[in-house]
Structure formats: structure tokens, C-alpha cells
Amino acid sequence: MDIYIDLFLCFFKIGLFAFGGGYAVISLIQHDIVEVNGWLSAKEFTDIVAISQTTPGPIGVNAATYVGYTATGSAIGAFVATFAMLLPSIILMLIICYFFGKFHQNKYIEYCFLGLRPAIIGLIAAVCLQLTNKENFIDYKSAVIFLVVLFASKKIHPIWLILGSGLAGWLLYSF
């Protein structure tokens, strides 16, 4: 029973600080799941990121569902982690909706948003650096896939890049 409480508290905290969307929250999830609680290895976490990106839905919620299931071996664990991840957003959005209409023209509120924007970009960049490791770049083939996607991402839709990367991985590593 303690694992469910731990999952709830962990993902509630992550959900509470999930500003900037899924990519910005990956470093929070990685820290708590891999380093603090040890529910997953670094390699398993990398797999979660890949799975969460290729399945429909927000990456943070998908990761919470996967971690909850993996940590407990049950759908209840998946539900607890997912619910805990979403609950702070629901509460905060209700509060923000109430007050935003009254204060959205306030210059101090606008200044806060001006400070949050570059911070979110920094968090996303930090995740990119954390995922640049030997578990993800195992040989020159993985580096080639990375570089092709990096440069093609300006012109090709992400769905095609994800599908193409899966196909490239299958072709390059299965033969």
C-alpha cells in the first residue's frame, strides 16, 4: 500500500511543478523516478520517454501511467500515478480561470510570464542534455538517426520523423 501513496505524492509533486508542458517536466520525472525512488533504471526511463512520445496524449501523463504500472505491476498503480499527475493541473486551472479574468492585464503578472518563458526553454534544453548519454547513442547508427531527425525537423512533420526513425531503427539494427 505504501507504493501507491509514494506514487501519488511523487506524481502530485511533479504535476504541481509541470510548467511548460511535457518536455519541460521530463527532468523532474527522471530525477524522482530513477534517482530518488529507483523505480526504473536510466535505460527504462529512456524507453518511457520514447514510448510516451509515440503514443497519443501528453508525454508527462503517458510517463506517469507507464511508471505507475511498472512500479506496481497493476492498473491501479497506473491510475494512481496518472490521477496524481493531473490533479494539480485541474486544481490550478480552476484557480487560474477564476483569477485570470480579473488580473490578466496586470503588468506584474505579465512580468512573471516573461520570466517563465526562458526558464521553460532552459528546462527543455536540460532534458535534451540529460538524454544525450550512452544508453541513447549506442553507436554511429543512432547518431546518424539523431542528426537526420535534428535537421529534418524544420521541414518534416514530427509524426513522419517518429515513424521514419522507428523504421530506420528496425532496418539498421535487425539485419
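Residues numbered from 1 in each chain as written. Predicted model: local features only at pLDDT ≥ 70, side-chain atom pairs only at ≥ 80, totals over all residues. Heavy atoms only, no water.

Visitor: Got a minute to help me understand the side chain of S142 in this structure?
Guide: The topology assignment puts S142 in helix α7 (residues 140-152). A distance of 3.1 Å separates a polar side-chain atom of S142 from the backbone nitrogen of I138. The residues touching S142, leaving out its near neighbours within four places in the chain, are N136, F137 and Y173. (Helix = DSSP H or I, 4+ residues; strand = E, 2+ residues; numbered from the N terminus. Polar contact = N/O pair within 3.5 Å; in protein donor to acceptor, adjacent residues only side chain to side chain. Contact = heavy atoms within 4.5 Å.)

Visitor: For this particular structure, what's the right way to read the side chain of D32?
Guide: For D32, the location among the structural elements is in helix α2 (residues 22-36). Leave out the neighbours within four places in its chain, and D32 touches C10, K13, I14 and N37.

Visitor: Any chance you could explain the nonpolar core here in plain terms?
Guide: General note: in soluble globular proteins, nonpolar side chains tend to be found buried as a group. L7, F11, I14, I29, I33, V67 and M85 are the most contacted members of the largest nonpolar core, which has 24 residues in total. Where this core is concerned, the elements lending two or more residues are α1 (2-16), α2, α3 (42-54), α4 (59-72) and α5 (75-103). Among all residues touching F11, those that are not within four sequence positions of it are I33, A64, V67, A81, A84 and M85. (Core = buried A, V, L, I, M, F, W, Y, C linked by side-chain atoms within 4.5 Å. Buried < 20%, exposed > 50% of the residue type's maximum accessible area, 1.4 Å probe, protein only.)

Visitor: Which parts of the structure should I look at to understand α7?
Guide: Structural remark: α-helix, 3.6 residues per turn; residues separated by three or four positions point the same way. Between its first and last C-alpha, α7 extends 18 Å over 13 residues, near the 18 Å set by a 1.5 Å rise per residue. For α7, the set of buried residues is S142, I145 and A152. The arc that holds every buried residue of α7, seen down its axis, measures 110°, which confines them to one face. Turned more than 90 degrees off the buried face of α7, the exposed positions are Y140 and F151. (Expected span 1.5 Å × (residues − 1). Arc of directions from axis to C-beta.)

Visitor: Looking at this structure, I do not really get the pattern of salt bridges. What am I missing?
Guide: Side chains carrying opposite charge are able to pair once their charged atoms draw close together. In this structure the tally under the stated criterion is two salt bridges. Among the ionic pairs, K43 bridges to D47, the shortest N-O distance being 3.7 Å. Residue K43 and its partner D47 are both found in helix α3; the two are separated by four residues, about one turn of the helix. (Salt bridge = Lys/Arg side-chain N within 4 Å of Asp/Glu carboxyl O.)

Visitor: How do you make sense of the domain arrangement of the protein chain when you look at a structure like this?
Guide: Parsing the protein chain into structural domains produces domain 1 (2-135) and domain 2 (137-175). The C-alpha-based centres of domain 1 and domain 2 are spaced at 26 Å. (Domains from an automatic or database assignment.)

Visitor: Please clarify how a nonpolar patch on the surface should be interpreted in this entry.
Guide: On the surface, I91, M93, I95, I96, Y98, F99, F100, F103, I109, F113 and L116 cluster together into a nonpolar patch covering about 1,000 Å² of accessible area. Among the secondary structure elements, those contributing two or more residues to the nonpolar patch are α5 and α6 (107-130). If you tally residues by element for the nonpolar patch, the top one is α5, at eight residues. One can find I95 in helix α5. (Patch = residues over 30% accessible without salt bridge, like charges linked within 9 Å, V, L, I, M, F, W, Y side chains within 5 Å. Areas by Shrake-Rupley, 256 points an atom, 1.4 Å probe, with all protein chains shown as cover.)

Visitor: Can you help me understand the packing of α3 against α4 in this one?
Guide: Two numbers describe a pair of packed helices, the interaxial angle and the distance between the axes. It is the contact of α3 with α4, at a shortest axis distance of 9 Å, that shows an interaxial angle of 125°. Viewed along their axes, α3 and α4 adopt a mutual orientation that is oblique. For the pair α3 and α4, the crossing hand works out as right-handed. Contact with α3, carried on its side by I48, V49, I51, S52 and Q53, involves I59, N62, A63, Y66 and V67 of α4 and no other residues of that element. Its residues assigned to classes, the contact of α3 with α4 shows seven nonpolar, three polar and no charged. (Axes fitted to C-alpha atoms, helices over the stretch in contact; angles between N-to-C directions. Parallel < 35°, antiparallel > 145°, perpendicular 65-115°, else oblique. Left-handed = near helix turned anticlockwise from the far one by under 90°. Nonpolar A, V, L, I, M, F, W, Y, C, P; charged D, E, K, R; others polar.)

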